[in-house]
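A closer look at the structure
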Amino acid sequence: MIRFPIALLATGAAAALAPAAVPAAAGAQPDPVDGSCATRAGVPLYVNVTGLKDRTGRLKLEIYPPNEEDFLRDDTSLKRENKPFRRIWAQTPASGPVRLCIRAPGPGTWAVLFTHDRDGKNKFNFWEDGAGFPSNQKLGRSRPKVRQALVNVGPGGGQISIKAQYLRGLGGFAPLED
């Protein structure tokens, strides 16, 4: 694994995760904010989230095309190029299990990103916010790879679990329990 100085990492990781927080373009359909599959067409993907640092802020799920080139790209660019992209927001529940639902554009392989926007500012804060991917591999200090985010969604939908990870000193992002 390649190690980067923490200052470079902070810039790189924030840049890698920040594009997902750009507001939708004017006139675009707003992102669903209830964390459920009640809106939009597509195949439901249920995501059970564990390991939250606290119950503050908002939770976000995003679905990207399953390739390195498009993974974590700005949603405005993806939409302009007619590439599939989905996002949902949900308030962090005060207690109990955390289960979100997002509709994949269709059955197949997709890249999924989870973020815990603890301050509710809609911009990834490297020092405070959390992130996670379906592989649940420790993210460390490197930019996430699409292989860590891939999930297969069947014609009837699917279910996965994602363990939230937060910055843990010089080791980078990791689950809180490790």
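Each chain has its residues counted from 1, running along the sequence as written. Local features in a predicted model are, by the rule used here, given only for residues with pLDDT of at least 70; side-chain atom pairs are given and counted only at 80 or more, and totals for whole chains, interfaces and linings are based on all residues. With hydrogens and water stripped out, all remaining heavy atoms of the structure feed into the side-chain values.

Our focus in this paragraph is the overall build of the protein chain. Broken down by element type, the protein chain carries two helices and 10 strands. Here a helix means four or more residues in a row that DSSP labels H or I, a strand means two or more in a row labelled E, and each is numbered from the N terminus. N-terminal to C-terminal, the α/β element order of the protein chain is α-β-β-α-β-β-β-β-β-β-β-β. Two residues qualify as a contact provided that any one of their heavy atoms is within 4.5 Å of a heavy atom in the partner residue. Long-range pairs, those at least 24 residues apart, make up 75% of the contacts in the protein chain between residues at least 6 apart in sequence. Per-residue accessibility takes into account occlusion by the displayed protein chains alone, with areas from the Shrake-Rupley method and a 1.4 Å probe. Of the roughly 8,300 Å² of accessible surface on the protein chain, 56% is carried by carbon and sulfur atoms.

Turning to the pattern of salt bridges, a few remarks are in order. In a structure, side chains of opposite charge can pair up when their charged atoms sit close to one another. Salt bridges are counted wherever a side-chain nitrogen of Lys or Arg sits within 4 Å of a carboxyl oxygen of Asp or Glu. Applying the stated criterion to the full structure yields 12 salt bridges. Between lysine 83 and aspartate 70 there is a salt bridge, with its nearest N and O atoms 3.0 Å apart. Of the two residues, lysine 83 sits in the loop between α2 (75-80) and β3 (86-91) while aspartate 70 sits in the loop between β2 (58-64) and α2, which places them 13 residues apart along the sequence. The exposure class assigned to lysine 83 is partly exposed, which follows from its relative accessible area of 25%. Summary of the burial criterion: residues with accessible area below 20% of their type's maximum are buried, those above 50% are exposed, and those between are partly exposed, where the area comes from a 1.4 Å probe applied to protein chains only. Judged by its relative accessible area of 3%, aspartate 70 is buried. One salt bridge connects glutamate 81 with lysine 83, and the closest N-O pair in it is separated by 3.5 Å. Via salt bridges that share partners, Lys60, Glu62, Asp75, Lys79 and Arg87 belong to a single interconnected network.

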